[in-house]
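Examining the three-dimensional arrangement
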Amino acid sequence: MKITYLIILICVLVYAFFNIVPADEVDDLYDAFGFSGDNVMQGRFWTPVTSIFVHGGVLHLLFNMVAFFFFGRALEEDMDKGKFLAIFILGGVVGNFFSLFYYPSYEIFVGASGAIFTIMGVAMIKKPFELIFFPTLIPIPLLFVGIVYTLYTVLAFFFGGDPEVAYTAHMAGLGIGVVVGFYEAGIKKSLLVIGLIAITLLFILPFLLTLIGIFDYTGELTSIV
């Protein structure tokens, strides 16, 4: 079985388990397996990893798993399973810890978004022209999808996105992914992709500036990644 499918299955099973336990025990499960600075300081050293497989709601799970299905399959085709899994976990863990620079230590984080953004970052560099049917039914180059997701994340962070989403974990995961992508793809191909990203940004800059004016900044805390 592909690691992508296995991770999706684990996330779905974990979510199902969280929904069959008594309602008064659910918060305890989030406290026990979600990530926070306080949890780590209290000796719950497993939470930077276990939190990746826990999700805060059905839409949170659905959106993450659909995105991971397409990005994960595209990258895993050309990568050793062990390396793919290690990159996924690394991105999720780094995203969690990076969020501590922005959010208080008691804030609980759950979700695979940081890990998924890491996989997306690697795939953007290594397989930029891979066509994926996400987020539309029309095949789109993976690089372009990654650029859109990145821009949305940056805009949402600085100009007021969903207050329950830890965009810091997304950006940290993406950064790890791009670095790994450079290593995997080589300097020549990586620089070519960076050039394509720069050209794309120049074309969409007018729209981007307009969009910035639409966003309304909010400083709410978040607990879902």
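Not measured: the values here are computed from a predicted model.

**Some points on the overall build of the protein chain**
- Helix and strand counts for the protein chain stand at 10 helices and two strands.
- In sequence order, the secondary structure elements of the protein chain are arranged as α-α-α-α-α-α-α-β-β-α-α-α.
- Over its C-alpha trace the protein chain gives a radius of gyration of 17 Å, about what one expects of a compact globule, namely 17 Å for 225 residues.
- With the C-alpha coordinates aligned to their principal axes, the bounding extent of the protein chain is approximately 50 × 45 × 35 Å.
- Buried residues in the protein chain amount to 46% of all 225 residues.
- Considering only contacts within the protein chain whose residues lie at least 6 apart along the sequence, 77% involve residues at least 24 apart.
- Accessible area for the protein chain stands at about 11300 Å²; split by element, carbon and sulfur atoms hold 73% of it.
- Charge centroids of the protein chain, computed over 9 positive and 17 negative side chains, lie 21 Å from each other.

**Digging into the packing of aromatic side chains**
- Scanning the model with the defined rule gives 20 aromatic pairs in all.
- Relative to Phe69, the ring of Tyr5 has its centre 6.1 Å away and its plane inclined at 20°; by these criteria the two rings are stacked. With Tyr5 in helix 1 (residues 3-20) and Phe69 in helix 5 (residues 58-76), the pair connects residues that are 64 residues apart, well separated along the chain.
- Given the relative accessible area of 31%, Tyr5 is considered partly exposed.
- Summarising the aromatic geometry, the rings of Tyr102 and Tyr103 are spaced 4.8 Å apart at their centres and angled 85° between planes, so their arrangement reads as edge-to-face.
- Ring-pair connections join several aromatic residues into one group, and the members of that group are Tyr5, Phe69, Phe70, Phe71, Phe117, Phe134 and Tyr149.

**With respect to the confidence of the model for the protein chain**
- Residues with a pLDDT of 70 or more make up 92% of the protein chain, whose mean pLDDT is 90.
- In the model of the protein chain, helix 10 (residues 187-214) stands out as the element of lowest mean pLDDT, 78, in contrast to helix 4 (residues 47-50), which has the highest, 98.
- The model gives residues 214-222 a pLDDT under 50, and that stretch makes 27 contacts with residues more than four places away or in other chains.

**Focus on the pattern of salt bridges**
- Taken as a whole, this structure holds six salt bridges when the rule is applied.
- Across the salt bridge formed by Glu77 and Lys127, the nearest N and O atoms sit 3.1 Å from each other. Highlighted residues: Glu77 in the loop between helix 5 and helix 6 (81-99) and Lys127 in the loop between helix 7 (113-126) and strand 1 (131-132), separated in sequence by 50 residues.
- Judged by relative accessible area, which is 10%, Lys127 ranks as buried.
- Note that Glu130 is salt-bridged to Lys127, the shortest N-O span being 3.4 Å.
- Here the salt bridges share partners, and the residues they tie into one network are Glu77, Asp78, Lys127 and Glu130.

**A closer look at the side chain of Ser36**
- With respect to the secondary-structure elements, Ser36 resides in the loop between helix 2 (23-33) and helix 3 (37-41).
- For Ser36, a relative accessible area of 2% corresponds to the buried category.
- Engagement of the side chain of Ser36 in a polar contact is seen with the backbone nitrogen of Asn39, the distance being 2.9 Å.

**Here we look at helix 7**
- End to end, helix 7 covers 20 Å across 14 residues, agreeing with the expected 20 Å (1.5 Å per residue, within 8%).
- With 14 of 14 residues buried, helix 7 lies mostly within the body of the structure.

**Looking at a negative patch on the surface**
- A cluster of like negative charges, contributed by Asp24, Glu25, Asp27, Asp28 and Asp31, occupies part of the molecular surface.
- The topology assignment puts Glu25 in helix 2.

Conventions adopted
Residues numbered from 1 in each chain as written. Predicted model: local features only at pLDDT ≥ 70, side-chain atom pairs only at ≥ 80, totals over all residues. Heavy atoms only, no water. Helix = DSSP H or I, 4+ residues; strand = E, 2+ residues; numbered from the N terminus. Rg over C-alpha atoms; globule rule 2.2 N^0.38 Å. Buried < 20%, exposed > 50% of the residue type's maximum accessible area, 1.4 Å probe, protein only. Contact = heavy atoms within 4.5 Å. Areas by Shrake-Rupley, 256 points an atom, 1.4 Å probe, with all protein chains shown as cover. Lys, Arg positive; Asp, Glu negative; His and termini not counted. Charge placed at Lys NZ, Arg CZ, Asp CG, Glu CD. Phe/Tyr/Trp six-rings, centres within 6.5 Å; stacked < 30°, edge-to-face > 60°. pLDDT = per-residue confidence, 0-100. Salt bridge = Lys/Arg side-chain N within 4 Å of Asp/Glu carboxyl O. Polar contact = N/O pair within 3.5 Å; in protein donor to acceptor, adjacent residues only side chain to side chain. Expected span 1.5 Å × (residues − 1). Patch = residues over 30% accessible without salt bridge, like charges linked within 9 Å, V, L, I, M, F, W, Y side chains within 5 Å.

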